[in-house]
Amino acid sequence: MNAPDAATHTYIHHLDTIARREVIDFGEGSLCWRGFGSGPPVILLHGGHGSWRHWVKNIEPLAAAHTVWVADMPGYGDSDKPGPDNTMAALVAALQTSLDVLVGPQTDIDVVGFSFGGLVSVNLAVQRGHVRRLAVMGPAGHGGRRRPRGELQPWKAALRDPDPEALATVMRHNLGVHMLHDTGSIDALALAVHTESCMSTRFRSKEISRSGGLHALLERCTMPIMLAWGEHDVTADPRALAHELAHGREDRQAHVIEGVGHWVQYEGAAVINPLLAEFLAVPAPG
């Protein structure tokens, strides 16, 4: 049960090095964006105990045809908290304020969100407008059935010791219980992303994620919507939700990716990346 290796950290460092880093004031603090590629803007929003690293397997494929802006949402990673309270309104307001500076308030954007970031992305689309296409991966806020695989283990005690091997063991367990289905997917890269993201999380999303509201918010969206879940997502019943949210809707498409868990864009990157590329493809002029 070894800690992440040097090659793993080298790849994360590579992405961080080639990124165009923009730190933008939103009133209560500053929000950090990392930009990649060129073309129409695509915004990526990570999950609850996450950071920009949640998209480590998707950034470069998407950046082949788009300007990809990846957030550390307020209270995560390198971004400040949006005030003393954990509220969706404060988080979305901070994102919108920074996006007004980053791309302009009237600029059409595509938004892709994962888990808690999926619920945030729908709120952002409703509030900001000017969202051309919306994609949500394993979104929170559905208020429906969950399928727990086991109990998450506390990891902060391993930081206090400190004991890197104990920390790696706990994080690997939690990845298998909550994020990834196949034990072979729990590799050094997943371990590094999950560990670094958890350690930099200061926003408490659990209560917001469990409070529902996704269905009603989606009904207020008028843009094309793509929904995707891993077949073994423990946070939802994917096939039931796919039917509820997309059946009979020409403006929505739903995908349940076989053999993968909640972190669908990581474990199922080989399927998700081309699906996103097709969904986000911009028609040629005329």
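The preceding data block contains the structure.
Residues numbered from 1 in each chain as written. Predicted model: local features only at pLDDT ≥ 70, side-chain atom pairs only at ≥ 80, totals over all residues. Heavy atoms only, no water.

(A) Up close: the side chain of His-46. Considering the arrangement of structural elements, one finds His-46 in the loop between β3 (41-45) and α2 (59-63). Here His-46 falls in the buried class, since its relative accessible area comes to 0%. Once residues lying within four places of it in the same chain are set aside, the contact partners of His-46 are Ser-51, Trp-52, His-54, Trp-55, Ala-71, Asp-72, Met-73, Tyr-76, Phe-114, Phe-116 and Gly-117. (Helix = DSSP H or I, 4+ residues; strand = E, 2+ residues; numbered from the N terminus. Buried < 20%, exposed > 50% of the residue type's maximum accessible area, 1.4 Å probe, protein only. Contact = heavy atoms within 4.5 Å.)

(B) Representation of the pattern of salt bridges. With the rule as written, the count across this model stands at 11 salt bridges. Measuring nitrogen to oxygen at the nearest pair gives 2.9 Å for the salt bridge that ties Arg-53 to Glu-196. Pair noted here: Arg-53 is in the loop between β3 and α2 and Glu-196 is in helix α7 (residues 188-199), with a separation of 143 residues, a long-range link. Judged by its relative accessible area of 22%, Glu-196 is partly exposed. Residues Arg-249 and Glu-219 are paired through a salt bridge, measuring 3.2 Å at the closest nitrogen-oxygen approach. (Salt bridge = Lys/Arg side-chain N within 4 Å of Asp/Glu carboxyl O.)

(C) The nonpolar core, seen in detail. Formed by 46 residues in total, the largest nonpolar core has its most connected members in Leu-44, Val-112, Met-137 and Trp-263. Leu-95, Val-111, Ala-140 and Leu-214 belong to the second-largest nonpolar core, a separate cluster that totals 45 residues. (Core = buried A, V, L, I, M, F, W, Y, C linked by side-chain atoms within 4.5 Å.)

(D) View of the sheet that holds strand β6 (residues 131-137). As summarised here, the arrangement of the eight strands in space is β1-β2-β4-β3-β5-β6-β7-β8, forming an open sheet in which the pairing is mixed. Each edge of the open sheet carries a strand with a single partner, namely β1 (20-25) and β8 (252-257). Neighbouring strand axes in the sheet, compared pairwise and without regard to direction, differ in orientation by 20° on average. Inspection of the sheet shows β3 paired to strand β4 (residues 67-72) by four bridges, in the parallel sense. Among the inter-strand pairings, Leu-44 is bridged to a residue of β4, identified as Val-70. Here helix α12 (residues 269-280) sits on the sheet and contacts β3, β5 (109-114), β6, β7 (225-230) and β8; the angle it forms with β6, its principal contact strand, is near 165°. (Pairing = 2+ DSSP bridges. Axes fitted to C-alpha atoms, helices over the stretch in contact; angles between N-to-C directions.)

(E) Region of interest: the packing of helix α6 (residues 164-179) against α7. Following both chains from N to C, one finds α6 and α7 inclined at 100°, their axes separated by 10 Å at the closest point. In terms of orientation, α6 and α7 fall into the roughly perpendicular class. When α6 is examined against α7, the residues Leu-167, Ala-168, Met-171, Arg-172, Asn-174, Leu-175 and Met-179 are found in contact with a partner set consisting of Ala-190, Leu-191, His-194, Thr-195, Cys-198 and Met-199. Its residues assigned to classes, the contact of α6 with α7 comprises nine nonpolar, three polar and one charged. (Parallel < 35°, antiparallel > 145°, perpendicular 65-115°, else oblique. Nonpolar A, V, L, I, M, F, W, Y, C, P; charged D, E, K, R; others polar.)

(F) Representation of the layout of surface pockets within the structure. The volume enclosed by the largest pocket comes to roughly 1,100 Å³. Looking at the largest pocket, it is lined by 43 residues, and the ones nearest its centre are His-49, Leu-152, His-178, Ser-205 and Lys-206. Elements with a minimum of two residues in the lining of the largest pocket: α6, α7 and α8 (206-210). Looking at which element gives the most residues to the lining of the largest pocket, the answer is α6, with five residues. Looking at the lining of the largest pocket residue by residue, the class counts come to 15 nonpolar, 20 polar and eight charged. (1 Å grid on protein atoms, 1.4 Å probe; cavity = no way out; pocket = protein on both sides within 12 Å on 5 of 7 lines; lining within 4 Å. Points joined across faces, edges and corners; volume = space filled by probe spheres on them.)

(G) Region of the structure containing the packing of aromatic side chains. According to the stated counting rule, one finds three aromatic pairs in the structure shown. Ring centres of Phe-116 and Phe-203 lie 5.9 Å apart, and the angle between their planes is 25°; on these two criteria the pair is classed as stacked. Highlighted residues: Phe-116 in helix α4 (residues 116-128) and Phe-203 in the loop between α7 and α8, separated in sequence by 87 residues. Judged by its relative accessible area of 1%, Phe-116 falls in the buried class. (Phe/Tyr/Trp six-rings, centres within 6.5 Å; stacked < 30°, edge-to-face > 60°.)

(H) Structural detail: the pairing of strand β2 (residues 30-36). Along β2, seven of the seven residues are buried, which leaves the element largely enclosed by surrounding structure. Direction of pairing for β1 relative to β2: antiparallel, over a ladder of six bridges. Looking at β2, one finds that Ile-24 is bridged to Leu-31. Hairpin connection, β1 to β2: the antiparallel pair is bridged by four residues, and Gly-27 has positive phi, about 110°. Pairing analysis gives five bridges linking β2 to β4, with the strands arranged antiparallel. Of the residues in β4, the one forming a bridge with Gly-35 is Trp-69.

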